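Notes for the structure review
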Amino acid sequence: MKQIVGTGVALVTPFKKDFSIDTEALGRIVNYCIDGAVDYLVVLGTTGESVTLNKAEKMLVMDTIVKANGGRLPLVLGIGGNSTYRVAHEVQSFQSDDFDAILSVSPYYNKPTQEGIYQHFKAISEVATKPIILYNVPGRTGSNMLPSTVLRLAADFDNIVGIKEAVGEMNQVRELIAGKPEGFYVISGDDPTALDTVLAGGSGVISVLGQGLPEEFSTMIRLGLEGNQEEASKLQEIMSEGMDLIFEEGNPAGIKSVFETLELCDATVRLPLVEASSNLKAKISTFVKSFRKVTA
């Protein structure tokens, strides 16, 4: 597997006004991120509104990103859900050489015990043909995958290679970093604590804002990995408003508003999500334009 270190971005799925997938816009975003020096791309995650896409649409998104990427960056594919049997079958069936790893979220809605979470990922690990990155996001799943469970999985299964940790709580992140086996990736899934995670010994971030401000976000993480806290913190400070704004009315409504300001794609999202309000769009537009002046 190619190294999954530095700044990964959880790509949006752009839609046209009629809610069909805008493949041209998706290609533009991929190139924009690569030109901004991000380190890898994450496909069909939560930010990509994957739960609203049918199988053919998911294939279209994957094919479009693979073509636009042209082998330049590692690709990670989101395959997750709350039916262990279905996820395991999908993971087992996935054979593409274009993707380097699978990102799989802890089961949502069911609210399994820690043992249930362990058994879920055990079943996936036993049939997977790609390395697996766990994904803990309690705010969406309704349950927290505790460090003890993550470290147990990391110790028991060689193909479970990392975790995207979006708990947003640094004590839990530090516990993971302190207990992880060598070579296991602890990746921030929370933009506001991404730099803190890296400075604590984490491997990087899978970011939302990073696809809107790829050059600056990836520079911040790179400086953090190099131990240059002072310069990295300066970048974090000027991006912090953007980190707050894009999540104010939910993800990916906020980041799509950033892309609308940048004229890279429309802000359309699929129900049950709705576009950012006109008030929030105005604030995001002002932030993006003023940010560009500051960093120019």
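Counting restarts for each chain, with residues numbered from 1 along the sequence as it is written. For a predicted model such as this one, the threshold for reporting local features is a pLDDT of at least 70, and the threshold for listing and counting side-chain atom pairs is 80 or more; totals across whole chains, interfaces and linings nevertheless cover every residue. As a rule here, side-chain values come from all non-hydrogen atoms in the structure, and water together with hydrogens is ignored.

Quick look at the overall build of the protein chain now. Strands are runs of DSSP state E lasting at least 2 residues, helices are runs of H or I lasting at least 4, and numbering of each runs from the N terminus. A count of helical and extended segments in the protein chain gives 12 helices and 8 strands. Expected size for 296 residues packed as a compact globule is a radius of gyration near 19 Å; at 18 Å, the protein chain falls within 12% of this value. C-alpha atoms of the protein chain, sized along the principal axes, occupy 50 × 45 × 35 Å. In the protein chain, buried positions account for 55% of the 296 residues. Of the contacts formed within the protein chain by residues at least 6 apart in sequence, a portion of 71% connects residues at least 24 apart. To get the radius of gyration, use the C-alpha atoms; to get the globule rule, take the number of residues to the power 0.38 and multiply by 2.2 Å. Three labels apply to residues, based on accessible area from a 1.4 Å probe with only protein chains included: buried if under 20% of the type maximum, exposed if over 50%, partly exposed otherwise in between. What makes two residues a contact is simply this: any of their non-hydrogen atoms within 4.5 Å.

The next thing to look at is helix α6 (residues 147-156). An α-helical turn contains 3.6 residues, so any two residues separated by three or four positions project in the same direction. Those residues of α6 lying buried are Pro 147, Thr 149, Val 150, Leu 151, Leu 153 and Ala 154. Each element contacted by the buried residues of α6 is listed here: α4 (114-125), β5 (132-136), β6 (160-165) and α7 (170-179).

Inspection of the secondary structure assignment puts Thr 193 in the loop between β7 (185-188) and α8 (194-199). Relative accessible area serves as the criterion here: at 14%, Thr 193 is assigned to the buried category. Not counting the four nearest positions on each side in its chain, Thr 193 is found in contact with Gly 168, Met 170 and Ser 188.

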